[in-house]
Number of protein chains: 4
Amino acid sequence: MYIDNQLLANMVDEARPISSEGRLVDYIPALKKENKDNLAVSVCFLNGEFFYAGDYLEKFTLQSISKVITLALVLMDNGEEEVFSKVGMEPTGDPFNSIVKLETNRVSKPLNPMINAGALAVTDMIKGATNEEKWERLLAFVNVLTGEEEVTYNKEVADSEFNTAFLNRSLGYFMKQHGIIKGDVEHLIYLYTKQCALEMNCQDLAKIGAVFANDGMDPVTGRQLITRDVARICKTFMVTCGMYNSSGEFAIKVGIPAKSGVSGGIMGSVPRKCGIGIFGPSLDETGNSIAGLRLLELMGNEYKWSIF
Amino acid sequence: MYIDNQLLANMVDEARPISSEGRLVDYIPALKKENKDNLAVSVCFLNGEFFYAGDYLEKFTLQSISKVITLALVLMDNGEEEVFSKVGMEPTGDPFNSIVKLETNRVSKPLNPMINAGALAVTDMIKGATNEEKWERLLAFVNVLTGEEEVTYNKEVADSEFNTAFLNRSLGYFMKQHGIIKGDVEHLIYLYTKQCALEMNCQDLAKIGAVFANDGMDPVTGRQLITRDVARICKTFMVTCGMYNSSGEFAIKVGIPAKSGVSGGIMGSVPRKCGIGIFGPSLDETGNSIAGLRLLELMGNEYKWSIF
Amino acid sequence: MYIDNQLLANMVDEARPISSEGRLVDYIPALKKENKDNLAVSVCFLNGEFFYAGDYLEKFTLQSISKVITLALVLMDNGEEEVFSKVGMEPTGDPFNSIVKLETNRVSKPLNPMINAGALAVTDMIKGATNEEKWERLLAFVNVLTGEEEVTYNKEVADSEFNTAFLNRSLGYFMKQHGIIKGDVEHLIYLYTKQCALEMNCQDLAKIGAVFANDGMDPVTGRQLITRDVARICKTFMVTCGMYNSSGEFAIKVGIPAKSGVSGGIMGSVPRKCGIGIFGPSLDETGNSIAGLRLLELMGNEYKWSIF
Amino acid sequence: MYIDNQLLANMVDEARPISSEGRLVDYIPALKKENKDNLAVSVCFLNGEFFYAGDYLEKFTLQSISKVITLALVLMDNGEEEVFSKVGMEPTGDPFNSIVKLETNRVSKPLNPMINAGALAVTDMIKGATNEEKWERLLAFVNVLTGEEEVTYNKEVADSEFNTAFLNRSLGYFMKQHGIIKGDVEHLIYLYTKQCALEMNCQDLAKIGAVFANDGMDPVTGRQLITRDVARICKTFMVTCGMYNSSGEFAIKVGIPAKSGVSGGIMGSVPRKCGIGIFGPSLDETGNSIAGLRLLELMGNEYKWSIF
């Protein structure tokens, strides 16, 4: 299973043309400006070695990818029992922003932490006396994971999302009504939009994916950053519901834990093998990077990454 | 069809005991204090004559009854076409606070103006440059209808509802996302909770019911307060969806246009005959005054009021 | 409110052209052959006088109109309590063939007897030791209502529907699972498709509408064919859910009890005034005769028929 | 990771007592007679070695476990493209027998082949000119997988299920209406209930699980019985939706491909390691063997089987 930058570059070239069949996200104004043909990748192996292709140092916002990171933090802070009293463990065939199940299920808790409702409930559980303390706690955790002290958030994107996050407010208030959300909903939306606007490049993302792949241990420093159980739980959610409404199809076609965001980023985590960071802003109908999916399929087939 | 205060008092006495089988509303703190056994009624005939029984001058808040009044105002101000581009005309078997249909229907507009989602969309259409102007416009209309210059709102109830109106905020933001709500959602919730907290007694309510019954003309002054068409439309909605999830059952058992509120008020409007105001705060499972329903059934049978 | 055949003919001429905007039913093969521009009407007043326009003696099948007739029979045979233990009284915003509510409602009973699920449950309650006896009982009742001994069913239409009634079988088996349907589902579908294929002309239909309008009494013979209460209940369902998913809109625009079928028939019943039979096979999107609706609107406005 | 029969027996003893908290299936009359405290297991390693504990040769019916086997056959016979044109790949938070999504999704195809609707659509695709041929084809495949020529079906259970399979008929007719099911629904239900009544013991089941675990190759004979891709696809569905509505929770707690049935059987398949057959008829609320789940959790933790 030989890998080098040239082989990665070839696969990126093979995957890139499908970008023309997708489109940029339209509901977050600040993200409409991206170059639709961009495609970059970085792979971080568990010995700390990195490979890459494309403009892998270009920054992008995490969007839904941040849901996995916050979940890891919150699970370690609050324990499985408390977290899963507020949010379920089951995948769903409903869209990521659906509110129907909150009403028709007898217990009004979100089905899982990867849909927006569940992610909001998770973010609400970040420890901190104030919203600012919660944010600092999350940011510090992200910087420990990337190993850089420089990750921050894109204020323009965060502001843009905050002003138009009507659906997330609707979900938030619905859960507030049913006791799932404890804090102030406006504060929660503010914190959540900053979380979604966390900004990094493919290499940073591959590094975080590698921490999950390495059972929570930093492959560079050897420090245990996430407990083994929490790393395992996060990878499980990435398989059952990490790729929006095509999670099932992705599991069948590629078969690795991965989480996508509408910015076009994808974080992959191949257990005991490597972490992957991808950025390709042209999206398919379900909201996943269309060329990123193709690239992961090519890489997964070449390197036999499927866990099944 | 002879009526007098004694006959009404007898029917009130017959209906009152069922109050013990219901319960006071629990989600609006300020309404928990009512006397569960209260039952009062006033009937206003189209010659301007009033009859009454029980403590018919005790004030209560309108809650959902206000939806019909606001609808009348907004229909006259904006026209049928504009109003029904934002809200449908169809009854629904879903609960009054349901959000499911907003998501599963292809067009995200509320099914009708009597469910909360639809009522919020209607209140959003009250004319006025500011929230204050809108409120003044609504209040002036209510005072014209009652013919008293003294109706106002219960600030304690309004504040209490405003602070806990999470589900209405959820509905509001959902519709904001889908372009049904134009204005600011917090302003809308503030205006809507004041509207719901409009306070009057059974006699005022009977008077308003009589205006609808009289095709929009004030039975006392002879002034046309509501256009004939708008009065007819409002009465139609009262029949198809005025009594929450038991509208169909009420139409079968009583068969008159009526609108209830969770305060325990009911406004009835028997076309070309009379208006009715009832107050009985003990509610059945669907949110209607349990003794009020019984009383309407007794009166309806006695006076052959069913329109069917 | 003068009426004569010429006035009716004028209104038919005014309404007919809108037929071109609708289309013939496509899911019942035998009904695809109708002349799309047909439009006929008959009105039966409570003194027994008939008026008509168009080819009012042409026969057509009742389809969903039969639901009201069967409901009347079954209510008289079984009593309100038993019938409403199997089927609800509430209108619904869901389509007539919807199965969703059967699953998501805690009690799996159909919302009302006008949707297919509810109508199947009603037909299942027709008295009779065998399917043949049930059919004879229903047919005899229909012939008593029309006053002719000649109404029967269209075998070609019934067979065609029976062979393709997969959705009704799906509804039937769902209710069989939940104990709403007692009998054999295949037998029920067979009986139900014959019921839907009952065939008559506008004059017969106007006569039946007049019986309901006349509180159950035959306007020609003076015999009480349906009890007053059952006639009232049926008219109520015609208003709240008689016109498929545009029942609410029809109540607002026309405001009379009416029941439509996908054959293009409509039976109207104006309380204490008259019965109406209409046939116009071109349908609008919700399955109602498009020219028939227009004609009812014209007649309703002209003669002030709205009950609201 | 040492394993022997004594260690397995110890884990069975540890898991068995929780049986008392579950209950036997109640909707299949023939299954009500089982001994609630039964718990047996067999493990088949890829070198062909078997271990076991409890009454591992007692026979039980496969019920939903058969869905995976039929899926493998149908995928090989018809190809991925055809199969996935009829049934989706996405997990769902709805119950296994839900019909709601068939109606509310714009394309009326079942979300995945592990829910009843999807499994019916898959069984409908078994090749064969007659129902008997289809059955023979399926039975032959099962016997090749177990390596015994003696697997057959339990006629009493099949008959019992056939007579009460109203919900499956409802699903079948719904899909017939929408063109997902091509064949006769009664024939399909007959074939499907025989499939569900396929009967074998834990050792047979462990053997089949081992074939899937071994990428489709028989660990005893070395023959490729299932293609590598189809084996992988089946294991993926077992993870995302193999354990009814607690598939997500099982993936988190145990993390291996597994499929359960309401008879109390579970087939596990640990990629590149072993197959597992379990029988414990006492079920939890979601329909999984309650002691079987506990046993798998104990074994999974002991032998580090999680694929995440």
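Going by an unreviewed UniProt entry, chain A carries the name Glutaminase and comes from Bacillus salacetis. Per UniProt, chain A has the following entry under Sequence similarities (unreviewed entry): "Belongs to the glutaminase family." For chain A, the Catalytic activity (unreviewed entry) comment in UniProt is given as "L-glutamine + H2O = L-glutamate + NH4(+)".

Let's talk about the relation of the copies chain A and chain D
You can overlay chain A on chain D at an RMSD of 0.0 Å; the transform is a turn of 180 degrees with a shift of 0.0 Å along its axis. Interpreted geometrically, this transformation is the action of a two-fold axis. Distance from the rotation axis, computed per C-alpha, reaches its smallest value in chain A at T92 of chain A: 2.0 Å. The residues that chain A uses at the interface reappear at the interface of chain D in 100% of cases, marking a shared surface.

Examining the sheet that holds strand β3 (residues 60-61) of chain C
Residue and element names in this part refer to chain C. A sheet is described by the order of its strands in space; here three strands give the open sequence β3-β5-β4, paired in antiparallel fashion. Only two strands of the sheet have a single partner each, and these edge strands are β3 and β4 (152-153). Examined bridge by bridge, β3 and strand β5 (residues 198-200) share two bridges and lie antiparallel to one another. Residue pairing across strands places F60 opposite M200, the latter belonging to β5.

Description of the sheet that holds strand β4 (residues 152-153) of chain D
All names here are of chain D. Taken together, three strands build an open sheet; the order of strands is β3-β5-β4 and the sheet is antiparallel. Here the strands that pair on one side only, and so sit at the sheet edges, are β3 (60-61) and β4. As paired elements, β4 and strand β5 (residues 198-200) share two bridges and run antiparallel to each other. Bridge assignment links Y153 to a residue of β5, and that residue is L198.

Concerning unusual backbone geometry
Among all residues save glycine, negative phi is the norm, and among peptide bonds the norm is trans. Notably, Q63 of chain B is not glycine yet its phi reads approximately 50 degrees, a positive angle. Here Q63 of chain B shows up in the loop between β3 (60-61) and α2 (66-86). A residue is classified by how much of its surface remains accessible, and Q63 of chain B, at 2% relative accessible area, is buried. Despite not being glycine, R272 of chain D has its phi angle at roughly 60 degrees, a positive value. Looking at the element boundaries, R272 of chain D is found in the loop between β7 (265-270) and β8 (274-279).

Criteria and thresholds
- Residues numbered from 1 in each chain as written.
- Chains lettered and ligands numbered in written order.
- Predicted model: local features only at pLDDT ≥ 70, side-chain atom pairs only at ≥ 80, totals over all residues.
- Heavy atoms only, no water.
- UniProt positions renumbered as here; feature names shortened; annotations may be inferred.
- Least-squares fit on C-alpha atoms with pLDDT ≥ 70 in both.
- Contact = heavy atoms within 4.5 Å.
- Pairing = 2+ DSSP bridges.
- Helix = DSSP H or I, 4+ residues; strand = E, 2+ residues; numbered from the N terminus.
- Buried < 20%, exposed > 50% of the residue type's maximum accessible area, 1.4 Å probe, protein only.

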